[in-house]
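# Geometric and topological summary
Spelled out from the first residue to the last, the chains are:
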Amino acid sequence: DVKVTQSSRYLVKRTGEKVFLECVQDMDHENMFWYRQDPGLGLRLIYFSYDVKMKEKGDIPEGYSVSREKKERFSLILESASTNQTSMYLCATSGPASNQPQHFGDGTRLSIL
Amino acid sequence: QQPVQSPQAVILREGEDAVINCSSSKALYSVHWYRQKHGEAPVFLMILLKGGEQKGHDKISASFNEKKQQSSLYLTASQLSYSGTYFCGTVGGGADGLTFGKGTHLIIQP
(Lines give C-alpha, C1' and ligand atoms only; values in the text may rest on other atoms or scores of the structure.)
Protein backbone atom coordinates (compact mmCIF):
# COMPACT_ATOMS: atom_id res chain seq x y z
CA ASP A 1 0.00 0.00 0.00
CA VAL A 2 1.11 3.54 -0.75
CA LYS A 3 1.89 5.54 2.33
CA VAL A 4 1.81 9.32 2.17
CA THR A 5 2.79 10.95 5.44
CA GLN A 6 2.22 14.59 6.29
CA SER A 7 4.31 15.88 9.15
CA SER A 8 1.49 17.38 11.24
CA ARG A 9 -2.27 16.82 11.52
CA TYR A 10 -2.82 20.20 13.17
CA LEU A 11 -0.67 23.32 13.10
CA VAL A 12 -1.20 26.82 14.51
CA LYS A 13 1.00 29.68 13.34
CA ARG A 14 0.98 33.47 13.51
CA THR A 15 0.54 35.97 10.70
CA GLY A 16 3.82 36.76 8.99
CA GLU A 17 5.57 33.54 10.03
CA LYS A 18 7.29 31.31 7.47
CA VAL A 19 5.53 27.96 7.55
CA PHE A 20 6.77 24.62 6.25
CA LEU A 21 4.46 21.70 5.53
CA GLU A 22 6.21 18.43 4.82
CA CYS A 23 5.07 15.41 2.84
CA VAL A 24 6.92 12.11 2.51
CA GLN A 25 5.95 9.11 0.35
CA ASP A 26 7.34 5.60 0.34
CA MET A 27 6.32 4.39 -3.12
CA ASP A 28 8.98 5.96 -5.33
CA HIS A 29 6.28 7.96 -7.15
CA GLU A 30 7.41 10.58 -9.62
CA ASN A 31 4.51 12.97 -9.16
CA MET A 32 3.69 14.83 -5.97
CA PHE A 33 0.97 17.42 -5.42
CA TRP A 34 -0.16 19.98 -2.87
CA TYR A 35 -3.84 20.92 -2.59
CA ARG A 36 -5.80 23.06 -0.21
CA GLN A 37 -9.36 22.18 0.70
CA ASP A 38 -11.91 24.74 1.82
CA PRO A 39 -15.64 24.24 2.46
CA GLY A 40 -17.66 24.71 -0.70
CA LEU A 41 -14.57 25.07 -2.89
CA GLY A 42 -13.38 21.48 -3.13
CA LEU A 43 -9.70 20.69 -3.59
CA ARG A 44 -7.61 23.28 -5.37
CA LEU A 45 -4.17 22.54 -6.74
CA ILE A 46 -1.41 24.78 -5.41
CA TYR A 47 1.76 23.27 -6.89
CA PHE A 48 2.91 19.93 -8.21
CA SER A 49 6.21 18.30 -9.06
CA TYR A 50 6.95 15.59 -11.60
CA ASP A 51 10.60 15.07 -10.72
CA VAL A 52 13.27 16.10 -8.25
CA LYS A 53 13.88 19.87 -8.36
CA MET A 54 11.04 20.28 -10.86
CA LYS A 55 7.89 22.19 -9.98
CA GLU A 56 4.81 23.47 -11.75
CA LYS A 57 2.27 26.04 -10.62
CA GLY A 58 -1.24 24.83 -10.08
CA ASP A 59 -4.39 26.92 -9.98
CA ILE A 60 -3.65 28.95 -6.84
CA PRO A 61 0.13 29.29 -6.34
CA GLU A 62 0.14 32.86 -5.01
CA GLY A 63 1.64 33.13 -1.53
CA TYR A 64 3.17 29.64 -1.70
CA SER A 65 6.37 28.03 -2.85
CA VAL A 66 7.56 24.42 -2.89
CA SER A 67 10.74 22.44 -2.64
CA ARG A 68 11.58 18.96 -3.87
CA GLU A 69 15.21 18.14 -3.15
CA LYS A 70 14.61 14.39 -2.83
CA LYS A 71 12.18 12.19 -4.71
CA GLU A 72 10.29 11.09 -1.61
CA ARG A 73 9.83 14.50 -0.03
CA PHE A 74 7.77 17.50 -1.19
CA SER A 75 7.55 20.60 0.97
CA LEU A 76 5.03 23.40 0.81
CA ILE A 77 6.24 26.76 2.08
CA LEU A 78 4.12 29.72 3.11
CA GLU A 79 6.61 32.56 2.82
CA SER A 80 4.67 34.97 5.05
CA ALA A 81 1.56 33.35 6.41
CA SER A 82 -1.71 35.24 6.26
CA THR A 83 -5.10 34.50 7.80
CA ASN A 84 -6.60 33.65 4.39
CA GLN A 85 -4.22 30.70 4.22
CA THR A 86 -6.03 29.01 7.09
CA SER A 87 -7.15 25.77 5.48
CA MET A 88 -6.78 22.00 5.20
CA TYR A 89 -3.70 21.12 3.16
CA LEU A 90 -3.51 17.76 1.41
CA CYS A 91 -0.49 16.16 -0.21
CA ALA A 92 -0.90 13.49 -2.89
CA THR A 93 1.37 11.31 -5.02
CA SER A 94 0.96 9.34 -8.21
CA GLY A 95 2.88 7.40 -10.81
CA PRO A 96 4.30 9.14 -13.87
CA ALA A 97 1.28 9.20 -16.19
CA SER A 98 -1.77 11.40 -15.76
CA ASN A 99 -3.97 8.30 -15.85
CA GLN A 100 -2.53 7.05 -12.58
CA PRO A 101 -4.59 7.39 -9.38
CA GLN A 102 -3.53 9.90 -6.77
CA HIS A 103 -2.91 8.75 -3.21
CA PHE A 104 -3.55 11.29 -0.49
CA GLY A 105 -2.06 11.91 2.91
CA ASP A 106 -4.30 12.54 5.93
CA GLY A 107 -3.96 16.30 5.62
CA THR A 108 -2.68 19.14 7.79
CA ARG A 109 -5.23 21.52 9.26
CA LEU A 110 -3.38 24.83 9.40
CA SER A 111 -4.68 27.80 11.38
CA ILE A 112 -3.06 31.21 10.96
CA LEU A 113 -3.83 33.58 13.82
CA GLN B 1 -11.24 25.89 -14.78
CA GLN B 2 -12.92 23.73 -12.19
CA PRO B 3 -15.30 21.09 -13.55
CA VAL B 4 -18.88 21.56 -12.46
CA GLN B 5 -20.47 18.86 -10.37
CA SER B 6 -24.17 18.32 -9.89
CA PRO B 7 -26.03 17.95 -7.70
CA GLN B 8 -24.24 19.72 -4.86
CA ALA B 9 -25.90 17.47 -2.31
CA VAL B 10 -28.24 14.51 -2.32
CA ILE B 11 -30.00 12.61 0.46
CA LEU B 12 -31.12 9.06 -0.22
CA ARG B 13 -32.60 6.12 1.60
CA GLU B 14 -30.56 2.95 1.73
CA GLY B 15 -31.13 0.94 -1.44
CA GLU B 16 -31.88 3.91 -3.70
CA ASP B 17 -29.81 4.87 -6.73
CA ALA B 18 -27.83 8.06 -7.28
CA VAL B 19 -26.16 9.75 -10.23
CA ILE B 20 -23.47 12.39 -9.86
CA ASN B 21 -22.48 14.42 -12.88
CA CYS B 22 -19.24 16.18 -13.75
CA SER B 23 -18.85 18.49 -16.72
CA SER B 24 -15.93 20.52 -18.00
CA SER B 25 -15.58 23.48 -20.33
CA LYS B 26 -12.30 22.17 -21.73
CA ALA B 27 -11.27 19.03 -23.62
CA LEU B 28 -10.47 16.19 -21.29
CA TYR B 29 -7.89 13.45 -21.38
CA SER B 30 -9.23 11.57 -18.38
CA VAL B 31 -11.61 11.83 -15.44
CA HIS B 32 -10.87 10.62 -11.90
CA TRP B 33 -13.45 9.93 -9.19
CA TYR B 34 -12.69 10.05 -5.44
CA ARG B 35 -14.75 9.70 -2.29
CA GLN B 36 -13.94 11.49 0.96
CA LYS B 37 -15.48 10.68 4.32
CA HIS B 38 -15.58 13.33 6.99
CA GLY B 39 -12.17 13.86 8.59
CA GLU B 40 -10.43 11.46 6.22
CA ALA B 41 -8.32 11.73 3.08
CA PRO B 42 -9.95 11.34 -0.35
CA VAL B 43 -9.88 7.77 -1.58
CA PHE B 44 -9.51 6.81 -5.23
CA LEU B 45 -12.51 5.12 -6.88
CA MET B 46 -11.74 4.92 -10.59
CA ILE B 47 -10.22 6.60 -13.65
CA LEU B 48 -11.86 6.86 -17.05
CA LEU B 49 -9.84 7.58 -20.16
CA LYS B 50 -10.63 9.01 -23.57
CA GLY B 51 -12.57 6.61 -25.75
CA GLY B 52 -15.98 6.74 -24.13
CA GLU B 53 -15.05 4.41 -21.36
CA GLN B 54 -17.30 2.86 -18.81
CA LYS B 55 -16.06 1.26 -15.66
CA GLY B 56 -17.43 -0.19 -12.49
CA HIS B 57 -16.83 -2.25 -9.46
CA ASP B 58 -19.35 -3.54 -6.99
CA LYS B 59 -22.36 -1.24 -7.37
CA ILE B 60 -20.42 1.89 -8.32
CA SER B 61 -19.83 2.58 -12.00
CA ALA B 62 -19.01 5.55 -14.18
CA SER B 63 -19.11 6.70 -17.78
CA PHE B 64 -17.09 9.27 -19.71
CA ASN B 65 -18.35 11.06 -22.80
CA GLU B 66 -15.33 12.94 -24.13
CA LYS B 67 -17.30 14.70 -26.88
CA LYS B 68 -19.62 16.25 -24.31
CA GLN B 69 -16.72 16.63 -21.84
CA GLN B 70 -18.85 14.96 -19.20
CA SER B 71 -18.61 12.08 -16.80
CA SER B 72 -21.25 10.51 -14.57
CA LEU B 73 -20.86 8.36 -11.47
CA TYR B 74 -23.62 5.84 -10.78
CA LEU B 75 -24.27 4.41 -7.34
CA THR B 76 -26.73 1.53 -7.44
CA ALA B 77 -28.66 0.21 -4.45
CA SER B 78 -26.78 2.59 -2.19
CA GLN B 79 -25.39 1.41 1.12
CA LEU B 80 -24.80 3.42 4.29
CA SER B 81 -21.06 3.16 3.62
CA TYR B 82 -21.48 5.17 0.42
CA SER B 83 -22.06 8.36 2.40
CA GLY B 84 -19.40 11.00 1.88
CA THR B 85 -18.33 13.69 -0.52
CA TYR B 86 -17.62 12.65 -4.09
CA PHE B 87 -15.15 14.58 -6.20
CA CYS B 88 -14.43 14.35 -9.88
CA GLY B 89 -10.98 15.39 -11.03
CA THR B 90 -10.23 16.18 -14.64
CA VAL B 91 -7.02 16.04 -16.62
CA GLY B 92 -6.64 18.10 -19.77
CA GLY B 93 -3.52 16.42 -21.02
CA GLY B 94 0.15 17.30 -20.82
CA ALA B 95 1.74 17.59 -17.42
CA ASP B 96 -1.29 19.15 -15.76
CA GLY B 97 -2.31 18.07 -12.32
CA LEU B 98 -5.88 17.20 -11.49
CA THR B 99 -8.48 19.92 -11.35
CA PHE B 100 -11.20 18.91 -8.92
CA GLY B 101 -14.84 19.89 -8.83
CA LYS B 102 -16.35 21.34 -5.67
CA GLY B 103 -17.76 18.00 -4.63
CA THR B 104 -21.15 16.36 -4.18
CA HIS B 105 -22.28 15.55 -0.65
CA LEU B 106 -24.07 12.21 -0.52
CA ILE B 107 -26.01 11.22 2.60
CA ILE B 108 -27.50 7.75 2.83
CA GLN B 109 -30.14 7.29 5.51
CA PRO B 110 -31.28 3.92 6.90
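Residues numbered from 1 in each chain as written. Chains lettered and ligands numbered in written order. Predicted model: local features only at pLDDT ≥ 70, side-chain atom pairs only at ≥ 80, totals over all residues. Heavy atoms only, no water.

Each helix and strand in chain A was counted, giving zero helices and eleven strands. Secondary structure elements of chain A, listed N to C terminal, follow the sequence β-β-β-β-β-β-β-β-β-β-β. Dimensions of chain A, computed from C-alpha atoms along their principal axes, come out at roughly 40 × 30 × 25 Å. Of all 113 residues assigned to chain A, the portion counted as buried reaches 46%. For chain A, the exposed surface amounts to about 5500 Å²; the carbon and sulfur share of it is 48%. (Helix = DSSP H or I, 4+ residues; strand = E, 2+ residues; numbered from the N terminus. Buried < 20%, exposed > 50% of the residue type's maximum accessible area, 1.4 Å probe, protein only. Areas by Shrake-Rupley, 256 points an atom, 1.4 Å probe, with all protein chains shown as cover.)

Residue and element names in this part refer to chain B. A one-sided burial pattern is seen for strand E11 (residues 104-109), the buried positions being Thr-104, Leu-106 and Ile-108 and the unburied ones His-105, Ile-107 and Gln-109. Two elements, strand E2 (residues 9-13) and E11, share five bridges in a ladder whose sense is parallel. From the neighbouring strand, Val-10 faces E11, where its bridge partner is Leu-106. In the sheet, strand E9 (residues 84-91) pairs with E11 via three bridges, with the strands oriented antiparallel. Of the residues in E11, the one forming a bridge with Gly-84 is Leu-106. (Pairing = 2+ DSSP bridges.)

Excluding glycine, most residues fall at negative phi; most peptide bonds, likewise, are trans. The omega torsion across Ser-6 of chain B and Pro-7 of chain B is -5°, close enough to zero to call that bond cis. One can find Pro-7 of chain B in the loop between strand E1 (4-6) and E2. In this structure, Lys-53 of chain A takes a positive phi of about 65° despite not being glycine. Relative to the helices and strands, Lys-53 of chain A is located in the loop between strand E5 (42-49) and strand E6 (56-57). For Ala-77 of chain B, which is not glycine, the phi torsion reads 50° and is therefore positive. Judged by relative accessible area, which is 25%, Ala-77 of chain B ranks as partly exposed.

With 22 residues of chain B at the interface, the matching set in chain A holds 21 residues. Roughly 1600 Å² of surface becomes buried between chain B and chain A when both sides are summed, with 59% attributable to carbon and sulfur atoms. Considering only the surface of chain B that becomes buried against chain A, Pro-42, Phe-100 and Lys-102 of chain B emerge as the three largest contributors, covering 25% of it. The interface formed by chain B and chain A contains three residue pairs in polar contact (both at pLDDT 80 or more). The set of elements that each furnish at least two residues to the side of chain B that touches chain A consists of strand E4 (30-36), strand E5 (43-49), E9 and strand E10 (99-100) of chain B. The element contributing the most residues to the side of chain B that touches chain A is E4 of chain B, with four residues. Partitioned by chemical class, the residues of the side of chain B that touches chain A number twelve nonpolar, eight polar and two charged. (Contact = heavy atoms within 4.5 Å. Buried area = accessible area lost by both parts, 1.4 Å probe. Polar contact = N/O pair within 3.5 Å; in protein donor to acceptor, adjacent residues only side chain to side chain. Nonpolar A, V, L, I, M, F, W, Y, C, P; charged D, E, K, R; others polar.)

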